[in-house]
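Reading the structure
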Amino acid sequence: MVIPTRESGGLLIPTLAALVPGAAVGLVREVLLVDGSAQASGETGETAEVADAAGCEYLAGPADPGARLRMGAQAARGPWLMFIEPVGLLQEGWTREVRSFIDQAERSGAADRHAASFRLALDGFGFGPRLQESAAALRQMVTGRPRPEQGLLIHQRLYERLGRHEDGTRAAARLLGRIGRRRLVMLRSQMLLPME
């Protein structure tokens, strides 16, 4: 599990709490917090404290978002990479979906040919969030790309073959574009994100 952070220590607590069911069933074996704020200030700060308290691995990374994602992937020890944002909350049932996807991909020999992302859910009540969710789903149907904040589950071999994350603020979006519509599976479980 790779979470790129930058002055986001307080946001991490609910995100990390949502990972506990995955750790309990052996699905989440490591959580890497790759923080870009330490490079600029020279101090590790709140994110390092959260990492220590939660049993995560803290990596002082570069300010560039793409370089942080790539650094986390290189430090990961497992064959599967899962990238999520510090504001993303995996919703109930995500462990079952991820386990099912990984098992099926490995059984069919497609682990290095398919990646997965989560469905979008926006935090909030009423018509506004549901309208934005519908608009995002429509955009995804047209473009074949989810929002990068919806997370990405990808095998190391496919990640390397696609050229990993490039430098820049749009690195995650560009990687999703290289994965393409035919290789990207949308899981039924959701990633809850804050309203913009």
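Now for a description of the structure that goes with this document. For clarity, every value in this text was computed on a predicted model and none was experimentally measured.

With respect to the overall build of the chain
Assigned secondary structure in the chain consists of nine helices and eight strands. Taken over the C-alpha trace, the chain has a radius of gyration of 16 Å; the compact-globule value for 196 residues is 16 Å, and the two agree within 12%. Its C-alpha atoms give the chain principal-axis dimensions of about 45 × 45 × 35 Å. Counting only residues that meet the buried cut, the chain has 49% of its 196 residues in that class.

Thoughts on the environment of Ser-189
Inspection of the secondary structure assignment puts Ser-189 in strand S8 (residues 184–193). Ser-189 gets classed as buried once you look at its relative accessible area, which sits at 5%. Between the alpha carbons of Ser-189 and Pro-86 there is a distance of 18 Å; along the sequence they are 103 residues apart. Not counting residues up to four positions away in its chain, the partners in contact with Ser-189 are Glu-92, Gly-93, Trp-94, Glu-97, Phe-118 and Arg-119.

A closer look at empty space enclosed by the protein
Enumeration according to the criterion identifies one cavity of 30 Å³ or more in this entry. Empty space within the largest cavity amounts to approximately 100 Å³. In terms of lining, the largest cavity is formed by Leu-69, Phe-83, Ile-84, Glu-85, Pro-148, Gly-151, Leu-152, His-165, Ala-172, Leu-175 and Leu-176. It is helix H9 (residues 171–179) that contributes the most residues to the lining of the largest cavity, three residues altogether. In terms of residue class, the lining of the largest cavity is made up of eight nonpolar, two polar and one charged.

A few points about the nonpolar core
Ranked by internal contacts, the top residues of the largest apolar core, which has 33 residues, are Ile-3, Leu-19, Val-31, Met-82, Trp-94 and Val-98. Looking at this core, the elements with two or more residues in it are helix H1 (9–17), helix H4 (45–54), strand S4 (80–83), helix H6 (94–107), strand S6 (115–122) and S8. Per-element tally for this core: the top contributor is H6, with five residues. Those residues in contact with Val-98, other than ones at most four positions away along the chain, are Leu-27, Met-82, Phe-118, Leu-153 and Leu-187.

So, the layout of surface pockets
The computed volume of the largest pocket comes to approximately 400 Å³. Looking at the largest pocket, it is lined by 19 residues, and the ones nearest its centre are Leu-27, Val-28, Arg-29, Gly-78 and Trp-80. Contributions of two or more residues to the lining of the largest pocket are made by S4 and H6. The dominant element in the lining of the largest pocket, judged by the number of residues it contributes, is H6, at five residues. Per-class residue counts for the lining of the largest pocket are twelve nonpolar, two polar and five charged.

The rules behind each value
Residues numbered from 1 in each chain as written. Predicted model: local features only at pLDDT ≥ 70, side-chain atom pairs only at ≥ 80, totals over all residues. Heavy atoms only, no water. Helix = DSSP H or I, 4+ residues; strand = E, 2+ residues; numbered from the N terminus. Rg over C-alpha atoms; globule rule 2.2 N^0.38 Å. Buried < 20%, exposed > 50% of the residue type's maximum accessible area, 1.4 Å probe, protein only. Contact = heavy atoms within 4.5 Å. 1 Å grid on protein atoms, 1.4 Å probe; cavity = no way out; pocket = protein on both sides within 12 Å on 5 of 7 lines; lining within 4 Å. Points joined across faces, edges and corners; volume = space filled by probe spheres on them. Nonpolar A, V, L, I, M, F, W, Y, C, P; charged D, E, K, R; others polar. Core = buried A, V, L, I, M, F, W, Y, C linked by side-chain atoms within 4.5 Å.

Honestly, it's all geometry; don't read function into it.
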